[in-house]
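Listed below are the residues making up each chain.
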Amino acid sequence: MEFRLYNKYNCSFFDLIGRLEPYQTKSLGVLLAKSQVAFNSFLKLIHLKIDYDKYVIDCEPRDIQNKRFDILIRFYKRNQPVEAILIEAKSIKVSNASTKAINQIQNYSQSNYLWGFQKQTLVTLTRDIQLNTNSNNVISITWSQLISALHGAKDEMTRDYINYLTRIQCSMNYYEREIQAIPAGMSLSAIQASGL
């Protein structure tokens, strides 16, 4: 069986959701909720080990101050709040959004959704990361890092999500400067000796 959408090959239900930033984020929320392999890969990517017996994933919740999170993950142990992860994502197609994402997510840390959660982890997910931002309390990851972390997953849903993301225009590694590298071949020892 092969599912096609608008004559495009290898489509999945993620393609039905849409390609804009809110849909990319909601798709990630569905993946984290439905694929334990992807969820564990995500926790490993952000270096979190949490002792829990239940978790709830909310996509696009609004709090009483009308702040809207992209993804909120709340962990519980014996029905008691343990830890919360807030994820602010920007489109895989938009560059230079990391500072905006950091400012946005730091503004969310006082939400009523987080009452009772002593530990909160703030995560931004953007196309690229600006290195000169002062964000000690925010974990910043890129879409490329997420895709790499999910590549080890063998379940069909995770593979579908990776295909969905990589088909979105501009979903590739980005660099601030273009570098041309000429193969050294047999002359490598002469180049190293010259100090270049």
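Residues numbered from 1 in each chain as written. Predicted model: local features only at pLDDT ≥ 70, side-chain atom pairs only at ≥ 80, totals over all residues. Heavy atoms only, no water.

Caption draft 1: Looking closely at the pattern of salt bridges. As enumerated under the stated definition, the model contains seven salt bridges in all. As a salt-bridge pair, Asp51 and Lys77 come within 3.2 Å of each other at their nearest N and O atoms. Linking Asp51 in the loop between helix H3 (36-45) and strand E1 (54-59) with Lys77 in strand E2 (residues 71-77), this pair joins segments that are 26 residues apart in sequence. The partner of Arg74 in a salt bridge is Asp58, with the nearest N and O atoms 2.4 Å apart. One end of the pair, Arg74, is in strand E2; the other, Asp58, is in strand E1, with 16 residues separating them in the sequence. Its relative accessible area of 13% is what places Arg74 among the buried residues. Residues joined by salt bridges that share partners form a network here, namely Glu60, Arg68 and Asp70. (Salt bridge = Lys/Arg side-chain N within 4 Å of Asp/Glu carboxyl O. Helix = DSSP H or I, 4+ residues; strand = E, 2+ residues; numbered from the N terminus. Buried < 20%, exposed > 50% of the residue type's maximum accessible area, 1.4 Å probe, protein only.)

Caption draft 2: Quick peek at the nonpolar core. Phe42, Ile73, Ile85, Leu146 and Tyr161 are the most contacted members of the largest nonpolar core, which has 33 residues in total. Ignoring anything within four residues of it in the chain, the contact list for Tyr161 reads Phe14, Gln24, Ser27, Leu28, Leu31, Trp143, Leu146 and Leu150. (Core = buried A, V, L, I, M, F, W, Y, C linked by side-chain atoms within 4.5 Å. Contact = heavy atoms within 4.5 Å.)

Caption draft 3: View of the environment of Gln145. By secondary structure assignment, the location of Gln145 is in helix H5 (residues 143-150). The class for Gln145 is partly exposed, based on a relative accessible area of 35%. Setting aside anything within four residues of it in sequence, one finds Gln145 in contact with Leu45, Ile129 and Ser140. Among the polar contacts listed, one links the side chain of Gln145 to the backbone nitrogen of Thr142, at a separation of 2.8 Å. (Polar contact = N/O pair within 3.5 Å; in protein donor to acceptor, adjacent residues only side chain to side chain.)

Caption draft 4: Structural detail: the sheet that holds E2. Within the open sheet, the five strands sit side by side as E1-E2-E3-E4-E5. Their pairing is mixed. Whereas interior strands pair on both sides, the edge strands pair on one side only; in this sheet they are E1 and strand E5 (138-142). Strand-to-strand, the axes of this sheet are offset by a mean angle of 20 degrees, without reference to chain direction. Pairing of E2 with strand E3 (residues 80-89), which is carried by seven bridges, proceeds in the antiparallel orientation. Counterpart to Arg74 in the pairing with E3 is Ala84. Along the sheet, helix H4 (residues 98-106) makes contact with E3, strand E4 (119-126) and E5, crossing E4 at roughly 155 degrees. Along the sheet, H5 makes contact with E3, E4 and E5, crossing E5 at roughly 75 degrees. (Pairing = 2+ DSSP bridges. Axes fitted to C-alpha atoms, helices over the stretch in contact; angles between N-to-C directions.)

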